[in-house]
Amino acid sequence: MDVGAPRARPPPRIGFGFDAHRFGGPPPLKLAGVVVDEERGLAAASDGDAAAHAAADALLGAAALGDIGAYFPSEDERWQGADSMEMLARVSALVASAGMVVGNLDLTVIAETVRIAPHREEMRAALAAVLEVGVDRVSVKATTTDGMGFTGRGEGVAAWAAALLLESPASGAPCSFSA
């Protein structure tokens, strides 16, 4: 081994996350920590923020650290009504402690009756702040299913997320999590 040779950089890691919740929880409806509907809410153990949940699962998947349910189980009373953006912040810290940083996050919200466009930039900024990255590394998109499936029938909201993780310049820290 050549001591003077540059160390090979590990390849980037990609993770995917998905979450869905039905309408019926207490208002307001939050996505990426932003109130997008004052009248309705999503049914969930936490605040039901499907966007934050999908983002957290994408990060955990890319880091090969399990899924959101392993860290924030629905049956654990500590997470009842929990702020999902705080949960995402904890996941982001966990990923950082594993020696990785967020390269970018791409989020798609699937909803027939919830308007994302008026909230897009605020959602991007909220996610960027929690992930400690520039807003230029966070994409928020929306689509419908043209009347098909549970989102198309207006029964709830779903979100897909993809995250790219890179090795942190100061990697090597041990990975740990405390609830």
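Refer to the structure presented above.
Keep in mind that this is a model prediction, so the values were computed, not measured.

Draft legend 1. Focus on the overall build of the chain. Each helix and strand counted, the chain has five helices and six strands in total. Residue burial in the chain is summarised as follows: out of 179 residues, 45% are buried. Look at the contacts in the chain between residues 6 or more apart in sequence, and 73% of them connect residues 24 or more apart. Surface summary for the chain: the accessible area is close to 9000 Å², and the carbon and sulfur share equals 54%.

Draft legend 2. Fine view of the layout of surface pockets. Taken as a whole, the largest pocket spans an internal volume of roughly 230 Å³. What lines the largest pocket is a set of 15 residues, among which H53, I68, F72, S74 and M87 lie closest to the centre. Contributions of two or more residues to the lining of the largest pocket are made by β1 (13-22), α1 (50-63) and α2 (68-71). For the lining of the largest pocket, the element with the highest residue contribution is β1, accounting for three residues. Contributions of two or more residues to the lining of the second largest pocket are made by α3 (84-97), β4 (100-110) and α4 (120-131). No other element matches α3, which puts five residues into the lining of the second largest pocket.

Draft legend 3. Structural context of the nonpolar core. One finds L31, L59, L107, V114, M123, L127 and V157 to be the most contacted residues of the largest nonpolar core, which totals 50 residues. By residue number, the principal contributor to this core is α1, which donates 11 residues. The contacts of L127, once residues within four sequence positions are left out, are A32, M85, L88, L105, L107, V138 and V140.

Draft legend 4. Molecular detail of the packing of α3 against α4. Across the interface, α3 lies against α4 with an axial gap of 9 Å and an inter-helix angle of 40 degrees. Considering their axes alone, α3 and α4 lie oblique with respect to each other. Across the interface between the two elements, M85, L88, A89 and S92 of α3 pack against A126, L127, V130 and L131 of α4. Grouping the constituent residues of the contact of α3 with α4 by class yields seven nonpolar, one polar and no charged.

Draft legend 5. Structural context of the packing of aromatic side chains. Within the structure shown, the criterion is met by two aromatic pairs. Each ring, one from F18 and one from W160, has its centre 4.7 Å from the other, and the planes form 50 degrees; the classification is tilted. Taken together, the residues F18 in strand β1 and W160 in strand β6 (residues 156-167) connect sequence positions 142 residues apart. For F18, a relative accessible area of 38% translates into the label partly exposed.

Draft legend 6. A look at the sheet that holds β6. Reading across from one edge, β1-β6-β4-β5 is the order of the four strands in this open sheet, with mixed pairing throughout. In the strand order of this sheet, the two ends are held by β1 and β5 (138-143), each with one partner. This sheet shows a mean twist of 15 degrees between the axes of neighbouring strands, independent of strand direction. Two strands pair when backbone bridges link them, and β4 and β5 are joined in this way by six bridges, in the parallel orientation.

Draft legend 7. Fine view of unusual backbone geometry. For the peptide bond that leads from P27 to P28, omega is 5 degrees, which places it in the cis range. With respect to the element layout, P28 can be found in the loop between β1 and β2 (29-31). Notably, A32 is not glycine yet its phi reads approximately 55 degrees, a positive angle. With respect to the helices, strands and loops of the structure, A32 is situated in the loop between β2 and β3 (34-37). The exposure class of A32 is buried, given its relative accessible area of 0%. Phi at D146 takes a positive value of approximately 50 degrees, unusual for a residue other than glycine. With respect to the helices and strands, the residue D146 is situated in the loop between β5 and α5 (149-152). A residue is classified by how much of its surface remains accessible, and D146, at 69% relative accessible area, is exposed.

About the criteria used
Residues numbered from 1 in each chain as written. Predicted model: local features only at pLDDT ≥ 70, side-chain atom pairs only at ≥ 80, totals over all residues. Heavy atoms only, no water. Helix = DSSP H or I, 4+ residues; strand = E, 2+ residues; numbered from the N terminus. Buried < 20%, exposed > 50% of the residue type's maximum accessible area, 1.4 Å probe, protein only. Contact = heavy atoms within 4.5 Å. Areas by Shrake-Rupley, 256 points an atom, 1.4 Å probe, with all protein chains shown as cover. 1 Å grid on protein atoms, 1.4 Å probe; cavity = no way out; pocket = protein on both sides within 12 Å on 5 of 7 lines; lining within 4 Å. Points joined across faces, edges and corners; volume = space filled by probe spheres on them. Core = buried A, V, L, I, M, F, W, Y, C linked by side-chain atoms within 4.5 Å. Axes fitted to C-alpha atoms, helices over the stretch in contact; angles between N-to-C directions. Parallel < 35°, antiparallel > 145°, perpendicular 65-115°, else oblique. Nonpolar A, V, L, I, M, F, W, Y, C, P; charged D, E, K, R; others polar. Phe/Tyr/Trp six-rings, centres within 6.5 Å; stacked < 30°, edge-to-face > 60°. Pairing = 2+ DSSP bridges.

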